[in-house]
Amino acid sequence: MSDSTTTTQPTGGVPRVPRVSKVSEAVIRIAGNSQDGIQAIGGFLARLAGRSEQEVMTFMTIPSTISGGPSIFQVRIGSGEVLSAGDEADILLAFYQHSYEDHIGSLKKGGIVLYDSDHVELKPEWQKDYHHVGIPISSLTVEAIGGTAKDKGKNIYALGLVARMFDLNVPKLEALIHERFGGKDQSIVKNALSAFHAGYSYCVGDLIETFRFAESEKREGAQVVMNGNEALGYGLIAAGVRFGAGYPITPWSDIMELLRRELPKYGGSFIQCEDEIASISMAIGASYAGRVAVTGSSGPGISLKTEALGWAVMAEVPLVICDIQRGGPSTGMPTNVEQSDLNIACFGSHGDAPRVVIAPANVEDCFYTAIEAVNIARQYNVPVIILSDQAIATRIEAFPEPDLEKLCQDITPDLTPVANYKPYDLSAPDGIVPRVVPGTRIANGKYPIATGLEHDEMGHPTGSPKLHQQMTTKRRKKLQALAATLPTPKIYGPPEGNVLLVGWGSTQGPIREAVDRARAAGDSISGLTLRHLNPLPDGLENIFSGFHHVLVVELNDEGLYGYGQLAGLLRARFTDPRIRGVNKSDGLTWKVRDILERVRTTLATLKKT
Amino acid sequence: MSQTLSAMPAPATNLAVASPLPDNERKPLTKKELAADHPTWCPGCGDFSVLALYFKLIEKRKLQHEKFTTISGIGCSSRFPYFVQAHGAHFIHGRALPFASGISLSRPDLHVFAFSGDGDAFSIGGNHFNHTARKNIKMTLVVMDNWVYGLTKKQTSPTSPLGFKSKTDQWGALDFPINPMKQAIAAGATFVARTTHTNPNHVLQMMEAAMDHDGFSFIECLSECVEFYEGAFDSSNPRKGGVFNLVPPDHDVTDELEAYKLADSPFPGYFGVLYKIARPTKNAKEAEVNRNAMEKFKGLKDWQILQKNFDRMK
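All of these numbers come straight from a predicted model, not from anything done at the bench. (Residues numbered from 1 in each chain as written. Chains lettered and ligands numbered in written order. Predicted model: local features only at pLDDT ≥ 70, side-chain atom pairs only at ≥ 80, totals over all residues.)

**Looking at the overall build of chain A**
At step 1: When its secondary structure is counted, chain A shows 19 helices and 23 strands.
At step 2: In terms of C-alpha radius of gyration, chain A reaches 26 Å, essentially the compact-globule figure of 25 Å for 609 residues.
At step 3: Seen along its three principal axes, the alpha-carbon backbone of chain A occupies a region of about 85 × 65 × 45 Å.
At step 4: When burial is assessed residue by residue, chain A has 56% of its 609 residues classed as buried.
At step 5: Long-range pairs, those at least 24 residues apart, make up 74% of the contacts in chain A with a sequence separation of at least 6. (Helix = DSSP H or I, 4+ residues; strand = E, 2+ residues; numbered from the N terminus. Rg over C-alpha atoms; globule rule 2.2 N^0.38 Å. Buried ≥ 20, exposed ≤ 12 C-beta atoms within 10 Å, placed from the backbone. Contact = placed C-beta atoms within 7 Å.)

**A few points about the domain arrangement of chain A**
All names here are of chain A.
At step 1: Considered domain by domain, chain A is made up of domain 1 (20-213), domain 2 (225-407), domain 3 (429-485) and domain 4 (491-608).
At step 2: Centre-to-centre separation of domain 3 and domain 4, based on C-alpha positions: 39 Å.
At step 3: Each partner contributes residues to the interface: domain 3 has five residues there, and domain 4 has four residues.
At step 4: Each residue belonging to the side of domain 3 that touches domain 4 can be placed in one class, and the counts come to four nonpolar, one polar and no charged. (Domains from an automatic or database assignment. Nonpolar A, V, L, I, M, F, W, Y, C, P; charged D, E, K, R; others polar.)

**Things to note about the interface of chain B and chain A**
At step 1: Each partner contributes residues to the interface: chain B has 61 residues there, and chain A has 81 residues.
At step 2: Contributing elements (two or more residues each) for the side of chain B that touches chain A: strand E2 (88-90), helix H3 (96-106), helix H5 (126-135), helix H9 (282-295) and helix H10 (302-312) of chain B.
At step 3: Tallying contributions element by element places H3 of chain B first for the side of chain B that touches chain A, with eight residues.
At step 4: By the bridge criterion, three bridges tie strand E17 (residues 449-451) of chain A to E2 of chain B in an arrangement that is parallel. (Pairing = 2+ DSSP bridges.)

**Re the sheet that holds strand E22 (residues 547-554) of chain A**
Residue and element names in this part refer to chain A.
At step 1: Pairing in this open sheet of five strands is mixed, and the strands run E18-E20-E19-E22-E23 from one edge to the other. Two strands bound the open sheet, and with one partner strand each, they are strand E18 (491-492) and strand E23 (579-583).
At step 2: Pairing of E18 with strand E20 (residues 525-530), which is carried by two bridges, proceeds in the antiparallel orientation. Bridged to Ile491 within E20 is Leu528.

**Looking at the nonpolar core**
At step 1: Among the nonpolar cores identified, the biggest contains 258 residues, and Val320 of chain A together with Val192 of chain B are the most heavily contacted of them.
At step 2: Ignoring anything within four residues of it in the chain, the contact list for Val320 of chain A reads Val241, Val292, Val294, Ala373, Val374, Ala377, Val384 and Ile386 of chain A. (Core = buried A, V, L, I, M, F, W, Y, C linked by C-beta atoms within 7 Å.)

**A look at the domain arrangement of chain B**
Residue and element names in this part refer to chain B.
At step 1: Under the domain assignment used here, chain B contains domain 1 (28-279) and domain 2 (281-314).
At step 2: Centre-to-centre, using C-alpha coordinates, domain 1 lies 38 Å away from domain 2.
At step 3: Tallying the contact residues gives nine residues for domain 1 and four residues for domain 2.
At step 4: Here the side of domain 1 that touches domain 2 is built from residues that sort into three nonpolar, three polar and three charged.

**So, the confidence of the model for chain A**
Predicted coordinates in regions of low pLDDT should not be interpreted in detail.
At step 1: Chain-level pLDDT for chain A is 91 on average; 95% of the residues reach the 70-or-more range.
At step 2: Every residue in residues 1-17 of chain A is under pLDDT 50, and counting partners more than four places away or in other chains gives 30 contacts. (pLDDT = per-residue confidence, 0-100.)

**Observations concerning the environment of Ile104 of chain A**
Residues and elements named next belong to chain A.
At step 1: In this fold, Ile104 is placed in the loop between helix H2 (97-103) and strand E6 (107-116).
At step 2: Since 21 C-beta atoms lie within 10 Å of it, Ile104 is described here as buried.
At step 3: Along the sequence, Ile104 and Gly268 sit 164 residues apart, while their C-alpha atoms lie 48 Å from each other.
At step 4: Leaving out residues up to four positions away in the same chain, Ile104 has contacts with Leu92, Val113, Trp126 and Tyr130.

**Overview of helix H19 (residues 592-608) of chain A**
Residue and element names in this part refer to chain A.
At step 1: The end-to-end C-alpha distance of H19 is 25 Å, a good match for the 24 Å that 17 residues give at a rise of 1.5 Å each.
At step 2: Taken residue by residue, H19 has Val592, Ile595, Leu596 and Val599 as its buried positions. The buried residues of H19 occupy an angular sector of 95° when the element is viewed end-on, so they sit on one face. With respect to the buried face of H19, the exposed residues turned more than 90 degrees away are Thr601, Ala604, Thr605 and Lys608.
At step 3: If you follow the buried residues of H19, they end up packed against strand E19 (497-504), helix H16 (508-520), E22 and E23. (Expected span 1.5 Å × (residues − 1). Arc of directions from axis to C-beta.)

Structural data, given as structure tokens:
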């Protein structure tokens with residue numbers, strides 16, 4: 001399979017005369033320390049792309065230290081579809097020696113290193129492969145805005161350099177700087193603009209070529225730019241969630257901070273609890289009291305919540321749980337990505353405890369998945385786990401603005417008195433009983449108990465073997481009824497061929513890009529992303545039957561028997577020997593070329609055996 | 001991008017709407033209307049008396065079925081909601097308080113009562129006891145303290161006195177017990193009272209005072225386990241030759257140090273309200289945060305408030 005791309009890149013060695021090249025996309029990696037505000041540069045570029053009808057995707061790493069430590073922000077901007085944050089950078093902006101040395105390997109041959117010559121000493125042996133441009137960024141920033149605060153403002157200076165290199169829209173960037181720093185001390189905006197213009201005026205163009213993005217296709221309507229955690233948080237608000245409870249843990253905390261800040265505007269509350277167990281218990285209590293509530297966590301916090309999750313299954317109380325996956329087990333790798341919570345999401349808790357698991361595939365999908373999760377929870381009276389991950393949570397994308405007037409829903413509980421009520425009515429179609437919540441008068445004077453003990457139709461405890469069987473069946477049947485309503489996922493590429501790459505969640509982008517690349521090189525390969533992981537949608541066996549190989553690409557370990565967590569689930573479900581795992585657990589997102597390489601080696605191994 | 005229609009219709013209710021009596025014509029509930037399952041407690045258990053007095057409280061205070069919820073965790077005491085004909089929930093071990101907090105903080109129209117035991121409240125749920133107390137979340141918690149694990153048949157509990165012989169301490173309990181009164185005062189509870197199942201009038205009095213308290217009101221009710229710790233509280237029962245000492249009438253209930261001293265008296269100690277102060281509830285503070293936040297968006301629909309965020313992300 002070929003690694004060639006169809007895009008134009010700023011390559012071609014070292015030009016003698018500066019020139020302007022038209023590009024359809026560019027990958028810029030900014031490397032520094034976490035306190036340098038490099039995320040801010042990335043944020044500005046992403047937001048600008050969103051306002052310029054371009055597609056954008058970002059990728060960042062943050063050290064899991066309290067303050068400081070190396071950090072990168074990579075932004076890929078394109079006039080066409082952008083599916084991943086890019087395997088290799090066209091431009092590396094390096095603030096320090098470690099930034100330069102650690103990240104030169106991520107730069108494509110012939111790419112440009114812009115480095116802060118105040119801090120970086122270039123290595124002669126790398127000069128033949130990369131175009132080096134040294135700029136004393138630190139001292140020029142001090143010159144531009146005065147030198148009291150140590151290194152403050154050099155990120156904005158660097159933004160000016162990048163703006164010049166790519167002929168970016170200066171009025172739009174100025175507006176973004178005003179929005180970001182306005183409201184604070186006016187001198188801050190002034191300093192930021194001075195730093196930006198100083199960077200912009202630096203004659204980069206005399207040293208190297210500059211670039212201009214090709215015009216994007218005109219889009220209808222505006223784009224919004226945000227990261228996955230924001231999209232998830234705002235999606236929950238749109239869905240009508242007005243109560244939540246949580247405990248701080250990375251990378252889930254952003255969502256709880258957002259909801260804590262935003263919910264009061266709608267008369268709702270998000271409560272910071274004493275621990276993970278209290279959080280889910282409080283959310284379940286609020287859900288029991290009427291309106292679907294939310295809790296969430298990452299890593300160890302999810303483990304702690306599983307007992308209470310089982311209660312919500314048993315008592316048939318709706319709930320939304322966000323699991324922003326990180327590297328595990330135990331404390332694991334708090335600021336890295338991994339898709340290793342699928343098993344606990346689907347099965348975590350003792351006993352037979354069926355629940356719903358949905359994995360959003362990109363930032364936009366986080367917003368809509370939140371609404372879908374709330375609606376499934378309240379329709380089926382079941383906990384729904386949204387399985388996001390660190391990569392989606394922190395990456396920024398631009399997507400078409402949702403129609404909020406249409407999407408926002410009111411899920412205030414209905415307290416109109418009822419004649420009678422059986423919370424666990426065994427005769428209910430598909431086992432689904434609409435809920436009657438506390439505060440509702442029940443005319444026959446028989447009131448329901450929500451319980452974790454096996455129970456009769458009114459919620460009173462029973463030791464009856466027959467009832468346990470019937471109630472277990474009832475809880476399962478609800479999910480089977482849901483499964484029948486789920487759409488069969490769409491194949492990316494032709495419905496028949498040699499290889500089908502199956503993935504879930506944040507790997508959708510890299511998998512699709514891998515499919516594009518491989519197909520461009522003549523390979524017969526398609527892709528499939530599963531959003532609904534428990535229950536699985538119908539029709540997958542028909543899709544699989546169109547391919548010789550079904551390779552499940554996941555960010556988790558291949559396990560004892562050679563299958564990742566989704567591959568294991570699919571094998572158990574379909575007992576199809578064509579299903580095989582393509583796994584890695586290095587805490588980083590898939591690179592497109594790594595997927596293709598692993599597919600190649602997997603197929604080669606199969607041929608041998 | 002989402003493949004599933006995100007907006008589903010609200011679940012339709014298939015229940016016929018009743019036309020019950022208007023609220024002002026309803027009579028106080030009787031014991032018969034309030035009783036649900038026959039209690040599964042052992043004959044002679046102290047918990048019967050707490051249940052009977054809860055019914056009395058609801059009758060006396062004219063609470064209707066739908067105006068309160070009865071919440072519990074796990075243990076003998078925590079079977080409570082099954083015996084009460086009203087909305088209720090039997091949650092998991094130790095977590096009744098956060099569950100009850102979720103109701104209290106999202107449904108100001110409901111009175112939330114939580115019932116717990118010494119193991120549930122002070123051992124597995126110890127963390128929640130402290131934090132619910134300090135946050136002053138509005139609800140009433142009654143802990144039926146029997147100094148032993150009863151449901152699991154006689155293991156040492158966090159309130160078992162030193163030397164108590166149980167199945168997990170055949171030679172007598174080794175670990176220093178929790179003093180629930182001291183624990184509650186130190187944690188920041190705003191209403192701390194102590195009573196015993198053998199004095200029904202006093203139990204009702206404490207329940208009424210607790211219900212009227214605006215905040216987290218905590219009652220420790222000694223409740224004898226006749227099966228596994230018979231006679232534990234005899235020295236507090238005048239009918240068994242003990243003494244029932246009321247909190248001295250001149251005790252200042254707002255004096256934290258005095259309350260702590262009373263709490264520290266050796267068994268049988270004092271019964272009554274040891275500590276009671278007025279401090280804003282979490283409920284009131286959150287409501288104020290909301291009032292301030294909503295003031296800025298007056299007249300806007302929810303989607304318009306959200307739109308303002310989205311406009312900033314363009």
